[in-house]
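Now for the letters of each chain:
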Amino acid sequence: MEGLPFLPGYSFRDPTRTKHHISHAFDLVNGYRIPKTNSNVIGAGKYPKDVDSVSYYNAIPSVRYDPSLTYGRVQTYPYKQFKPHYAHYDGKSLCFRAYFKQSIHESPDEHYRVRKVNIVYFLEDDTISVIEPTVTNAGFAQGKIVRRGKIPKEIGGSFYHWKDFNVGIDVSFYSIVYHIVDTDIYTREFMQSQGIEMGPPEEMPQDPYTQKRLEKLPITTMKTPFVDDKLRRFLEYDGKILRFYAIWEDDSELGGKREFVIHYYLADDCVEVCEVHKKNDGRDPFPLLLHKTKVPKNWKQIPLTYPSMYRELTEEEVEEFYSPKDFLVGETVFLYARRFFIYDCDPFTRNYFRECLSIEQKNKIQVEHPAPPQPQYPHPPHTGIGSIEDTIQNVLKVIPKAPKKDVIRMLHNANKKLRYTAVLDRVHPEDEQRAFVLIYYLSNGELEIMEPPQRNSGYTFTRFLRPTHIPKPNTSRDDPEFYTPADFYIGAMISVFEHRFLITGADLAVYRYMQANPDKFPDSTINNVRNYMVQQGYIREEIEDKTKLDIKAQTKECLDVACCDPCLEPKTSQGMGDYRPFGMKKFEDDCTHVQDVPQHLN
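In this text, all values refer to a predicted model and were calculated from it rather than measured experimentally. (Residues numbered from 1 in each chain as written. Predicted model: local features only at pLDDT ≥ 70, side-chain atom pairs only at ≥ 80, totals over all residues. Heavy atoms only, no water.)

Draft legend 1. Representation of the sheet that holds strand β14 (residues 338–345) in the model. Taken in spatial order, the six strands make up an open sheet running β12-β11-β10-β9-β14-β13, and their pairing is antiparallel. What marks the edges here is a single partner per strand, and that holds for β12 (288–293) and β13 (332–335). Geometrically, the sheet is characterised by an average inter-axis angle of 35° between neighbouring strands, direction not taken into account. Here strand β10 (residues 257–265) runs beside strand β11 (residues 270–275); their pairing, made up of six bridges, is antiparallel. (Pairing = 2+ DSSP bridges. Helix = DSSP H or I, 4+ residues; strand = E, 2+ residues; numbered from the N terminus. Axes fitted to C-alpha atoms, helices over the stretch in contact; angles between N-to-C directions.)

Here is the structure:
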C-alpha cells in the first residue's frame, strides 16, 4: 500500500468516517479570539492527523538526547563582571595638604611668604591638581595654581603616580617645590590598603607677615546668642502673664505714691507697666506708663559711639535683660530710672515661682495709708412740706424725683391690712360717743383712720385721716420713728397729730398675722390680743377642737360618754352667766395670761 502512487484511484479512505468538517482553530473568550489549547484533535472530523500516528514516530538518538530534560539543569555560577579602572575609581581622589615658600624681593616687611595648598590626585585617570584655599585680604590671586592633568617627573620622563606621594616629602611641580605635611583619613586608609605606610602629620608653618598683621588687629569679643526656641515658648506660654503690684514714689511737686501694675509676658520676656487710676485723682487717664518691651537692667551702659539720638537699643547692645527672678515681693526694681517697690502679686504668679523657680514669694506688704475720714454732710431739717424722703430728694438732685418705694414689700403684702377699733380720748363732751377704725397698711406702713356713722350722732361716715406715716411722739423731726404693728394692742394709746386714740379692739386677721409672724411682735402684745380674742369668743371653735384633741391624747381611747360625765357636769362660770365644760373652762383659763400690759403713751 505504501508503494502505490498518490494518484486518483490508488488511494483508499476509511468508510467508517462520517464527519469531514474541519474544527475551528480559535476560541472566543471575553470577546477575544484565543488559539485552542487542545492540540490532539485538530484533524478533519476531529480525527488525529496522519503525522500524529505511530507510523510517523521517530526515536531520538542517544547522542542528541539532553539529560537535563530528565534530571534538571546543573547549577552554574555567573562570571564576575569586569569593571574598568576609570569606572572603579570614578569620583575618588586623594588629598594631600602641603605648602611652598614664595620669595619676596621688594618688600621691607617680609622676605618670603608661606602659601598653603591642597594637592588633589584623581585615581580615575592619574591626574593631579593644585588648589590654594582662599585667604581674606591676601593681596594676590588665589584659587587653582596647577590645572588638572598628568604632571611629569622629569622632562621627557614618566608621570607622577600616587605611589610617589607620602607625608614629609617634597614634590616638584613645574619648578615649584611643595612640602607635604598631612593628608585626610581616606587617603591614609587607601595608601595603607595598598601597602604604603604614611608618615606622621607635621605642623603647618605660619606666614610671618600674616601673623604680624594679626597681632596689630584689635581683639574683638563676641557674645554667644542665647539659644531659644521662640515657637516652643509661644505655644507653651502664650497668654500666661506674671502680675506684680508696685508703687512709685514720685518726688516731683505734684507727685506722691502712685500705684502701678507690672505685667511680665513669659512668651517673649517683655515687660509692661500699667497705671492704676482712681476716681478724681486729677491725672490724665493714660493706660500705660511703659508699653510692652524688653527692659535692660542697666540701660545706661551702652557704647560711646552708639547713636542713641535716633536709634533704640537692640539685643546686640544690651548685655542683660530683666527676667522673672528679678521681680520679688519686697524688692525694688529700676525700670528706666524709676524705682518701683513691689508689694504684692497675684495667685498665678505665686504658683509659678513656687513650682517652676522654687521661690516662695512673700506675703502682701501693707503700703496703703488709711484714708482720712470723709466728712459727713447732714441733711437739712424737714421743711414740713411733703414727706422726709421728698426733702432728701430735693437736696440730692437739682431736679428731684419721686422717692423709690420698696417694691418687694408692696408685692408681698399687697391688699394686706390690720384693722383696730379705737375711741378718742375725750377732751370735749361731744367726743364721748365717737368711734373710729384704725387701718394699718402692711404694704407701705401707712395708717388710715375712718369714722363709721352712728345714728343720731350728728357725724357722717367720713375719713378722719388719709393714709400717711404717723411718727411716734418725742422723736426727732428729721429722723422720726414711725408706728409699727408691734405698737398696736388692746389698751394702747396712739397719738396722731395731737389727737389721742385708745385702742379698744381688733379683728381676727390681726391675731392670725401675729401667729404667722411671732418674731415681729413682743410676747406681751401677742398675749394681750389673744386674751381679747378669747373674751370675745372669736376663737371658741379653735378652743373646742384643741380641747377634744387634748382629751383624746390623755385617754388614748375613743371618747366615752360614760367616763366623761363627771367632767361634763354643768358648772357656773364666773362673769359669763352660761355653762361651759370643765375642760373648756380650764383651757380658757390657761389662755388668759396675767402678764403686764404695756403702758399707755401719754
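Resuming the write-up.
Draft legend 2. Quick look at the layout of surface pockets. Empty space within the largest pocket amounts to approximately 1000 Å³. Those elements that place two or more of their residues in the lining of the largest pocket are α7 (388–396), α8 (407–412) and β18 (462–468). Here the lining of the largest pocket is built from residues that sort into 11 nonpolar, 11 polar and 10 charged. (1 Å grid on protein atoms, 1.4 Å probe; cavity = no way out; pocket = protein on both sides within 12 Å on 5 of 7 lines; lining within 4 Å. Points joined across faces, edges and corners; volume = space filled by probe spheres on them. Nonpolar A, V, L, I, M, F, W, Y, C, P; charged D, E, K, R; others polar.)

Draft legend 3. Molecular detail of unusual backbone geometry. Its identity is not glycine, yet Y174 carries a phi of approximately 55°, on the positive side. When you line up the elements, Y174 lands in the loop between β7 (170–173) and β8 (176–183). In this structure Y174 comes out as exposed when scored by relative accessible area, which is 53%. A positive phi is found at A337, a non-glycine position, where the angle reads about 70°. (Buried < 20%, exposed > 50% of the residue type's maximum accessible area, 1.4 Å probe, protein only.)

Draft legend 4. A look at the pattern of salt bridges. Following the criterion strictly, the structure yields 25 salt bridges and no others. The shortest N-O distance in the salt bridge between D182 and R188 comes to 3.6 Å. On the basis of relative accessibility, which here comes to 24%, the residue R188 falls in the partly exposed class. A salt bridge links D507 to R419, with the shortest nitrogen-to-oxygen separation between them at 3.3 Å. Of the two residues, D507 is situated in the loop between β20 (499–506) and α9 (508–516) and R419 in strand β15 (residues 417–424); the sequence distance between them amounts to 88 residues. Judged by its relative accessible area of 45%, R419 is partly exposed. Several salt bridges converge on common partners, so that one network encompasses R97, D182 and R188. (Salt bridge = Lys/Arg side-chain N within 4 Å of Asp/Glu carboxyl O.)

Draft legend 5. Representation of the environment of L411. If you trace the backbone, L411 turns up in helix α8. Overall, L411 belongs to the exposed group, its relative accessible area being 65%. It is 7.5 Å that separates the C-alpha atoms of L411 and S443, two residues lying 32 residues apart in sequence.

Draft legend 6. Just helix α3 (residues 185–193), in detail. For α3, every residue scored as buried is listed here: T187, F190 and M191. Down the axis of α3, the buried set is contained in an arc of 95°. They therefore lie on one face. Of the exposed residues in α3, those oriented more than 90 degrees away from the buried face are I185, E189, Q192 and S193. Turning to α3, the residues buried within the fold contact β3 (93–103) and β8. Just beyond α3, the residue with positive phi is G195, at close to 90°. (Arc of directions from axis to C-beta. Contact = heavy atoms within 4.5 Å.)

Draft legend 7. Just the sheet that holds β20, in detail. Strand order in this open sheet of six strands is β18-β17-β16-β15-β20-β19, and the pairing throughout is antiparallel. Of all strands in the sheet, those bounded by a partner on one side alone are β18 and β19 (493–496). Averaged over all pairs of adjacent strands, the angle between their axes in this sheet comes to 30°, without regard to strand direction. Here β15 pairs with β20 via five bridges, running antiparallel. Paired with A422 across the strands is I503, a residue of β20. Packing against the sheet, α9 makes contact with β15 and β20, and its axis sits at approximately 125° to β15.

Draft legend 8. Broad picture of a nonpolar patch on the surface. Judged by side-chain polarity, L4, L7, Y10 and F12 come together as a nonpolar surface patch covering roughly 430 Å² of accessible area. As for its placement among the helices and strands, F12 is situated in the segment before β1 (26–29). Residue F12 is classed as exposed on the basis of its relative accessible area of 63%. (Patch = residues over 30% accessible without salt bridge, like charges linked within 9 Å, V, L, I, M, F, W, Y side chains within 5 Å. Areas by Shrake-Rupley, 256 points an atom, 1.4 Å probe, with all protein chains shown as cover.)

Draft legend 9. Inspection of the pairing of β8 at higher detail. Of the pairings in the sheet, the one linking β3 to β8 comprises four bridges and is antiparallel in character. Looking across to β8, one finds that Y99 is bridged to H179. With four bridges joining them, β7 and β8 adopt antiparallel strand pairing. Across the sheet, S172 pairs through a bridge with V177, a residue of β8. As consecutive antiparallel partners, β7 and β8 are separated by two residues, and within that stretch Y174 has a phi angle of approximately 55°, a positive value.

These figures come from the coordinates and say nothing about function on their own.
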